[in-house]
Amino acid sequence: MITRIALISDIHGNIPALRAVLEDIKRRGVDTIYCLGDLAGKGPDGHVAVDLVRTHCQQVVRGNWDDFIGKDTTDTALRWQQQRLGGERLQYLGNLPYTIEFVMSGKRIRLFHASPRSVYERIQPWDEKEKQATLFHGSALCASEYVADVVGYGDIHNAYIQHLDGKTLFNTGSVGNPLELPEASYVILEGYYESKEPGPFTIQFIRVPYDNEQAVQDAIQSGMPYPDTYVLEIRTGKYQGKK
Ligand SMILES: [Mn+2]
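Residues numbered from 1 in each chain as written. Predicted model: local features only at pLDDT ≥ 70, side-chain atom pairs only at ≥ 80, totals over all residues. Heavy atoms only, no water.

### Re the side chain of Gln132
With respect to the helices and strands, Gln132 occurs in helix H5 (residues 129-133). Among the polar contacts made by the side chain of Gln132, one reaches the side chain of Gln162 at a distance of 3.2 Å. Among all residues touching Gln132, those that are not within four sequence positions of it are Ile123, Gln124, Pro125, Asp127, Tyr160, Gln162, Leu164 and Leu169. (Helix = DSSP H or I, 4+ residues; strand = E, 2+ residues; numbered from the N terminus. Polar contact = N/O pair within 3.5 Å; in protein donor to acceptor, adjacent residues only side chain to side chain. Contact = heavy atoms within 4.5 Å.)

### Some thoughts on the sheet that holds strand E9 (residues 184-192)
The five strands are arranged E3-E2-E1-E9-E10 in an open sheet whose pairing can be described as mixed. Each end of this open sheet is capped by a strand with a single partner; those strands are strand E3 (59-60) and strand E10 (202-208). Sheet topology note: the strand E2 (residues 32-35)/E3 ladder contains two bridges and is parallel. Across the sheet, residue Cys35 finds its bridge partner in E3, namely Val60. Sheet strands in contact with helix H1 (residues 15-27) are strand E1 (2-8), E2, E9 and E10, and its direction is about 30 degrees off that of E9. (Pairing = 2+ DSSP bridges. Axes fitted to C-alpha atoms, helices over the stretch in contact; angles between N-to-C directions.)

Structure, rendered in structure tokens:
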């Protein structure tokens, strides 16, 4: 049977964007959703994002923000985020697994936040091919150590697909803090779930317009410290608002 799985990532506490994406997924009749991390941080409403992701997503992996957001800090903005999230959600984020692995239409698929080795290793589409190719490797942090045929990740807030050495690499882009277009980004995979036979396999990239000004108002009204960079990025879809 053909299965469809929606992949969402990098929500960063932006609830208007998350709700718009969840509605779009529902409208398409997709009921399996995996989340590739960075539920909270940057934006104001990580606590709501965590609760919505726990309700709607069958599997969730740990992002870099999920990893450090609960750690002891003197940083004002981080402490504000910690109070907003509360101990139970912080513990949930800090204990998320690194990878989601399965076979679809004969392809071994591995999904993670940033790299198979670390949530802090950042690899961009314009990095050298040799560096990108390491994303197919396994590591002790992965559920298994096989070399993947298809890798999907988040972290860079920059959706793309690239074929390397007969393998496929893609990035879901970001739901709540996209940095190439101001519209929320996510991916749907379609194929024969857990089938080792080669078969049709789809990677679909979806952009969902949402109420960006509501996201800006949410940030300002939340009283979060230093909202300026986040507000600029939400409005422009560019890193720190730069070209
Ligand atoms: Mn992120």
